[in-house]
Amino acid sequence: MPTIELATATIEYETFGPEDSPHPPVVFVHGVVVDGRMWTDAAQSLADAGFRCYAPTFTLGAHHIPWGPDADRTPSGAARLIREFVGAMGLTSPTLVGCDTGGALCQFALDQDPDFAGRVVFTNCDAFEQFPPQPYPVVFALLTRPGLTKRLVGLLHRSTALRHSIAGFGLLVTDPDPELSASILDPLRSDERIRDDLAAFLRAIDSSELAAITPRLSKVAVPVSVVWGTADRAFRPKLGRRLASVFADATFTEVPRSRTFVAMDRPQAVVDAVVEISARQVPRRP
């Protein structure tokens, strides 16, 4: 997989679709302990429709190249990585697609620079004071202890049933893929530096930060689409509607029978949202 050296980290990424696409480029942003492969089905469908898509694996616990203790291992630092990636790849007015913790990071990034994205698609994600929502505060607290993380991840890796239960990926996706879910855990299982990166990031999460940031996004003038799985036990549709209400130009779409990872449960819903929003006009910058 190709890598790109950014100012504050080196990350892996995949690309899909033609380099000379007439459509705005699409950049996907995943959440904690997930990698860019969660977007593969949606990205491939968009590529088949002529879109150029980028699926980076950010430094959130499923990465292979350590972020390191000298980095800003906070939500703000991770959001900066998104902006660095867009700049380093030379992308103009990309469509940003965020999920789960990645949706929160997109909000941090937009707060840092409201103009760096041309359009935004949010699927089920943190917003306002729900950062993270239940039951994740307990899960994240456990993962801030690298030694305990190694034992927990080892247990999940050995047991597909446990890994796919509501204590694992079963809370996030309706029908997890066993090979994918096991391989996502490999970096945490095998590398103490990755466990340390994740612990540092999770310790830095402060719900009051996002509670202040989300309302400020009313200054974001670009089109926004909020696409929300209604079978999610953590990120309820009420939160998605509340997020959509912040923006001046936003739509809200419910996706039945989908949990948090809409791009895996119902990838066509994400594809449709990207295609639709790509046709909407971006306001002229002064």
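Keep in mind that this is a model prediction, so the values were computed, not measured.

## A closer look at the overall build of the chain
Thought 1: Scanning the chain from terminus to terminus reveals 13 helices and 8 strands.
Thought 2: The C-alpha atoms of the chain give 17 Å as radius of gyration, which agrees with the globular expectation for 286 residues (19 Å, within 12%).
Thought 3: Principal axes of the C-alpha set define a box for the chain whose edges measure 50 × 40 × 40 Å.
Thought 4: Long-range pairs, those at least 24 residues apart, make up 77% of the contacts in the chain with a sequence separation of at least 6.
Thought 5: Within the structure as shown, the chain displays about 11,600 Å² of accessible surface, and the carbon and sulfur contribution to it stands at 51%.

## Digging into helix α10 (residues 207-216)
Thought 1: The complete set of buried residues in α10 reads Leu210, Ile213 and Thr214. Projection of α10 onto a plane perpendicular to its axis shows the buried side chains occupying an angular sector of 100 degrees, all on one side.
Thought 2: If you follow the buried residues of α10, they end up packed against α3 (101-112) and α11 (237-244).

## Side note on the environment of Gly50
Thought 1: You can see Gly50 is positioned in the loop between α1 (40-48) and β4 (53-57).
Thought 2: In sequence terms Gly50 and Ala250 are 200 residues apart; their C-alpha atoms lie 24 Å from each other.
Thought 3: Not counting residues within four places of it along the chain, the set of residues in contact with Gly50 comprises Pro18, Ser21, Pro22 and His23.

## Structural notes on the pattern of salt bridges
Thought 1: Evaluation of the coordinates by the stated rule reveals 12 salt bridges.
Thought 2: For Asp72, the salt bridge identified is with Arg80, shortest N-O distance 3.1 Å.
Thought 3: The class for Arg80 is partly exposed, based on a relative accessible area of 30%.
Thought 4: With a shortest N-O distance of 3.0 Å, Arg189 and Asp186 are connected by a salt bridge. With Arg189 and Asp186 both in helix α8 (residues 186-190) and 3 residues apart, this pair spans about one turn of that helix.

## Observations regarding helix α5 (residues 146-158)
Thought 1: The end-to-end C-alpha distance of α5, which contains 13 residues, comes to 18 Å, matching closely the 18 Å that a straight helix rising 1.5 Å per residue would cover.
Thought 2: Packed against the buried residues of α5 are α4 (136-143), α6 (160-163), α8 and α9 (192-203).

## Overview of the nonpolar core
Thought 1: In this structure, Phe28, Phe85, Phe122 and Phe201 are the most contacted members of the largest nonpolar core, which totals 97 residues.
Thought 2: Among all residues touching Phe85, those that are not within four sequence positions of it are Ile4, Leu6, Ile11, Tyr13, Val27, Tyr54, Pro56 and Phe58.

## Describing the sheet that holds β4
Thought 1: Reading across the sheet, the 8 strands line up as β1-β2-β4-β3-β5-β6-β7-β8 and stay open at both edges, with mixed pairing between neighbours. Either end of the sheet is taken by a strand with one partner, and the two such strands are β1 (3-5) and β8 (250-255). Here the average twist between neighbouring strands, direction ignored, is 25 degrees.
Thought 2: Where strand β3 (residues 26-29) lies against strand β5 (residues 95-100), 4 bridges are found, and the strand directions are parallel. When the sheet's bridge partners are listed, Val26 is paired in β5 with Thr95.
Thought 3: Relative to the sheet, α1 contacts β2 (10-16), β3 and β4, its axis offset from that of β2 by approximately 45 degrees.
Thought 4: Sheet strands touched by helix α13 (residues 267-278): β3, β5, β6 (119-125), β7 (224-229) and β8. Its angle to β6, the strand with the most contacts, is close to 155 degrees.

## Regarding the side chain of Ser278
Thought 1: Structurally, Ser278 is set in helix α13.
Thought 2: Apart from residues no more than four positions distant in its own chain, Ser278 is found in contact with Pro24, Phe51, Thr95 and Arg119.

## Describing the pairing of β8
Thought 1: Judged from the 6 bridges that link them, β7 and β8 form a sheet pairing that is parallel. Its bridge partner being in β8, Ser225 is matched across the sheet by Thr251.

## What about the side chain of Arg73?
Thought 1: Along the polypeptide, Arg73 turns up in the loop between β4 and α2 (75-88).
Thought 2: Residue classification places Arg73 among the buried residues on the basis of a relative accessible area of 11%.
Thought 3: Excluding its chain neighbours within four sequence positions, the residues that come into contact with Arg73 are Trp67, Gly68, Asp196, Asp197, Ala200, Phe201 and Ala204.

So, how was this worked out
- Residues numbered from 1 in each chain as written.
- Predicted model: local features only at pLDDT ≥ 70, side-chain atom pairs only at ≥ 80, totals over all residues.
- Heavy atoms only, no water.
- Helix = DSSP H or I, 4+ residues; strand = E, 2+ residues; numbered from the N terminus.
- Rg over C-alpha atoms; globule rule 2.2 N^0.38 Å.
- Contact = heavy atoms within 4.5 Å.
- Areas by Shrake-Rupley, 256 points an atom, 1.4 Å probe, with all protein chains shown as cover.
- Buried < 20%, exposed > 50% of the residue type's maximum accessible area, 1.4 Å probe, protein only.
- Arc of directions from axis to C-beta.
- Salt bridge = Lys/Arg side-chain N within 4 Å of Asp/Glu carboxyl O.
- Expected span 1.5 Å × (residues − 1).
- Core = buried A, V, L, I, M, F, W, Y, C linked by side-chain atoms within 4.5 Å.
- Pairing = 2+ DSSP bridges.
- Axes fitted to C-alpha atoms, helices over the stretch in contact; angles between N-to-C directions.

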